[in-house]
Amino acid sequence: MRLSVLAPALALVLDIGVRAAVPPAPQLFPSDTLLVLTVPDWSAARTSMESAPLGRLWSDPVMKPFRDKFEAGFQSNFLASLEKDVGLKSADWMPLLRGQVSLGVVKAAWNPADEDSDPTLVLVADARDQAGELTSRLTEVRSRLTEAKRTLRSEKIRDQEFTVVVIEPPAPETAPEDKAAEPDDEEEKPEPWEICFGQVDSALVVASSTAGLDRIVARLTGGSVPVLGEVPEFQVAETAGQFRESTVFGYLQAPLLLEAMLAGEPAAGGAGGAFGIAPAQLIGALGLDGLRSVSGAARQSDAGLQVGFLAAIPESRRTGVFRLLQFEGKEASPPSFVPVDAAEFQRMRFNGQQLWTGVEAMLKQISPQISAFLMMSVNALGKDRDPNFDFRKMFFGNLGDDWVSYEKAPRGKTLADLQNPPGITLLGAVNAEEMLAAVRALASLLPGGGADVKEREVNGKKILTLTMPVAEGQPARSLEIAASGGYVAFATDFAILEEFLRSADGNARSLRDIPGLAEAAQKVGGMSSGMFGYQNQRESAAGLWEALRTGGLEKVVPGMEGGPVENAAQWLDFSALPPFEQVSKYLGMQVSAGVWDAQGFHLRSFTPPPK
């Protein structure tokens with residue numbers, strides 16, 4: 001008797017369990033997935049992002065005029081065609097996104113050597129308890145497509161019903177003067193393409209092809225196939241990136257992608273490629289074949305936004321650029337001379353001499369001819385004035401292991417101010433005065449042979465001023481160069497250079513002393529990994545925001561005019577933005593740090609809630 005009463009309830013529980021069991025992306029996509037991007041829990045991610053500073057900025061009432069214009073433009077420019085071709089209205093479907101939402105690129109039958117071959121794009125969205133509503137929506141879509149007399153066909157994939165829609169791309173627009181011309185051959189007409197969609201339990205599945213789709217459907221129905229989560233490289237990235245606790249994460253399977261791209265290419269030493277260098281030879285010389293994966297993950301919480309990237313390259317496979325880019329795990333905090341009002345700061349502890357030696361060796365491996373030409377050009381620098389001048393020794397031989405760069409907020413809101421904010425870059429030098437002399441010789445490569453290089457002294461320091469080449473119609477720009485404190489400084493503004501030269505006085509406040517910097521740095525592993533960065537988002541964004549608000553894209557992007565600007569203005573009405581002062585409260589500090597370890601290169605950033 002008791003069993004007969006409990007049986008229906010038990011069956012209901014089991015049914016709910018089956019419907020909720022859409023596997024997470026690593027267990028859903030097959031092992032030959034080239035790329036996957038996933039939001040493990042769409043509802044939780046949406047709630048988290050809406051409560052985050054940028055989410056609150058977007059929903060602020062002062063943003064309504066811009067937001068309304070943007071959403072209407074996005075609908076008409078991007079979603080309208082999807083509604084027309086497939087019958088999907090975003091307003092009807094967004095409420096159904098409850099669980100996982102994943103986009104994958106599966107290799108399947110893709111062969112890059114075949115122009116008619118493509119990988120399969122697959123979108124999987126879990127409706128969870130809205131599975132019945134999802135079924136109703138798909139039925140409506142099929143009915144609309146049938147009434148519109150679209151080309152449809154049904155296909156069974158693992159006993160699951162899928163609909164394939166054939167989409168005819170619109171014919172290219174013809175200019176009036178070309179309408180009388182003879183029509184192009186049929187071969188030149190755009191090829192039709194297909195969209196395949198269906199439902200498996202609570203999951204909506206949309207794909208660009210049925211190729212490889214059977215394995216995803218197999219996983220959705222409880223079948224067993226080799227999956228991405230079983231790939232060792234993915235497991236390394238998953239652990240390092242803490243994918244399971246992330247709001248969103250992505251993974252690129254580099255070896256599989258390189259293998260596919262090189263299919264059909266000539267072998268090393270064969271013809272083809274730039275400068276007669278075969279792609280496989282170039283990839284090997286650059287060390288790209290040592291890259292196992294690229295992954296990233298982001299997690300938004302009340303504590304802030306944490307983002308991490310990993311380029312997985314085992315130590316035994318680090319050659320080419322990856323060997324060159326390895327920096328040492330040294331102190332990378334802001335030096336005392338970096339002022340407290342710096343809007344952006346970056347420091348890396350590259351060993352400059354080793355870097356140049358590695359570049360020489362890599363170029364020689366790629367192309368001895370290119371390498372010989374470059375070395376001949378380097379060795380000739382400065383010898384027109386002094387036959388005994390040795391640029392290679394005086395510049396590269398003096399490179400240290402420190403690179404520092406920082407910027408201040410633009411001094412004004414004009415286009416010229418935005419394009420040329422006060423900034424300075426410092427190269428650590430063994431002998432800074434010798435390196436400065438080498439830089440003076442390097443200026444001879446500029447138009448005019450460096451004849452317009454000016455020299456002067458300020459407080460006993462030699463200053464070189466170079467007039468930099470600019471595009472026609474752009475304001476003149478200069479570069480101020482000086483040597484001091486074991487660095488050679490390159491500044492876009494004399495005032496910031498002078499501030500650096502006077503920093504030895506020790507009277508100015510330093511960036512490293514600002515409140516909250518040390519605490520935020522701990523979230524990215526500290527400032528002693530060899531690479532550290534800082535950004536005052538409020539200062540960095542102010543000038544750009546106001547330039548867009550008062551002048552639009554054409555004021556910020558020189559030369560951008562006509563059609564592109566007019567099309568963008570239809571839905572990006574920057575004049576509708578509020579004054580920056582009304583939204584600056586949503587922006588604060590961001591810190592980042594990079595480190596090399598046995599897994600590869602990690603880049604992490606942290607953005608605490610603004611204060």
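Placed above this text is the structure.
What counts, and at which threshold
Residues numbered from 1 in each chain as written. Predicted model: local features only at pLDDT ≥ 70, side-chain atom pairs only at ≥ 80, totals over all residues. Heavy atoms only, no water. Helix = DSSP H or I, 4+ residues; strand = E, 2+ residues; numbered from the N terminus. Buried < 20%, exposed > 50% of the residue type's maximum accessible area, 1.4 Å probe, protein only. Contact = heavy atoms within 4.5 Å. Polar contact = N/O pair within 3.5 Å; in protein donor to acceptor, adjacent residues only side chain to side chain. Arc of directions from axis to C-beta. Salt bridge = Lys/Arg side-chain N within 4 Å of Asp/Glu carboxyl O. Patch = residues over 30% accessible without salt bridge, like charges linked within 9 Å, V, L, I, M, F, W, Y side chains within 5 Å. Areas by Shrake-Rupley, 256 points an atom, 1.4 Å probe, with all protein chains shown as cover. Lys, Arg positive; Asp, Glu negative; His and termini not counted. Charge placed at Lys NZ, Arg CZ, Asp CG, Glu CD. Pairing = 2+ DSSP bridges. Expected span 1.5 Å × (residues − 1).

J.: Describe in detail the side chain of Asp32, supporting the description with residues and values.
T.: Counting through the fold element by element, Asp32 comes out in the loop between helix H2 (25–28) and strand S1 (33–39). Classification of Asp32 by relative accessible area gives buried; the value is 13%. Apart from residues no more than four positions distant in its own chain, Asp32 is found in contact with Val106, Lys107, Ala108, Arg215, Gln253 and Leu256.

J.: Describe in detail the side chain of Asp402, supporting the description with residues and values.
T.: Mapped onto the secondary structure, Asp402 falls in strand S12 (residues 399–407). A polar contact is formed between the side chain of Asp402 and the side chain of Arg347, at a distance of 2.8 Å. When sequence neighbours within four positions are dropped, the list of residues in contact with Asp402 reads Arg347, Met348, Arg349, Phe350, Leu426, Leu427, Gly428 and Tyr487.

J.: Quick rundown of helix H9 (residues 232–241)? Include the residues and the values.
T.: Within H9 the residues assigned to the buried category are Phe234, Ala237 and Glu238. For H9, the angular spread of buried residues about the axis comes to 100 degrees, placing them on one side. Every exposed residue of H9 that faces more than 90 degrees away from the buried side is listed here: Pro232 and Thr239. Of the surrounding secondary structure, the elements contacted by the buried residues of H9 are H2, strand S8 (248–252), strand S9 (293–301) and strand S10 (304–312). Of the residues flanking the end of H9, it is Gln242, one or two places downstream, whose phi is positive at about 50 degrees.

J.: Lay out unusual backbone geometry in plain terms, naming residues and giving numbers.
T.: Phi is mostly negative for residues that are not glycine, and the peptide bonds are mostly trans. The phi torsion at Ala108 lies on the positive side, around 50 degrees, for a residue other than glycine. Mapped onto the secondary structure, Ala108 falls in the loop between strand S2 (101–106) and strand S3 (120–126).

J.: Before we move on, can you summarise the pattern of salt bridges with the specific residues and values?
T.: Considering all chains together, one arrives at 27 salt bridges under this definition. Here Asp401 ties to Arg349 by a salt bridge, and the two come within 3.3 Å at their closest N and O atoms. Of this pair, Asp401 sits in strand S12 while Arg349 is found in the loop between strand S11 (344–348) and helix H13 (352–366), placing the two residues 52 residues apart along the sequence. The buried category is assigned to Asp401, whose relative accessible area is 19%. A single salt-bridge network, built from bridges that share partners, covers Glu328, Lys330, Arg347, Arg349, Asp401 and Asp402.

J.: If you had to explain a negative patch on the surface to someone new, which residues and values would you point to?
T.: A cluster of like negative charges, contributed by Asp114, Glu115, Asp116, Asp118 and Glu191, occupies part of the molecular surface. Among the structural elements, Asp116 can be located in the loop between S2 and S3.

J.: Tell me about the pairing of S12, residues and numbers included.
T.: The buried count for S12 comes to seven of nine residues, which makes it a mostly enclosed element. Taken together, the five bridges between S11 and S12 define a ladder with antiparallel strand orientation. Residue Arg347 lies in a different strand from S12, and its bridge partner there is Val404.

J.: Tell me what's going on with helix H14 (residues 368–380), and back it up with residues and numbers.
T.: Spacing of three or four residues puts side chains on the same side of an α-helix, whose turn is 3.6 residues. Between the first and last C-alpha of H14 there are 18 Å, a value that for 13 residues agrees with the 18 Å anticipated at 1.5 Å per step. What H14 keeps buried is the set Ser371, Met375 and Val378. Taken end-on, H14 shows its buried residues confined to a sector of 60 degrees, consistent with a single buried face. Opposite its buried face, H14 presents the exposed residues Gln369, Phe373 and Met376, each directed more than 90 degrees away. As for H14, its buried residues are in contact with H13 and helix H15 (391–394). After H14 finishes, the residue Gly382 shows a positive phi value of roughly 85 degrees.

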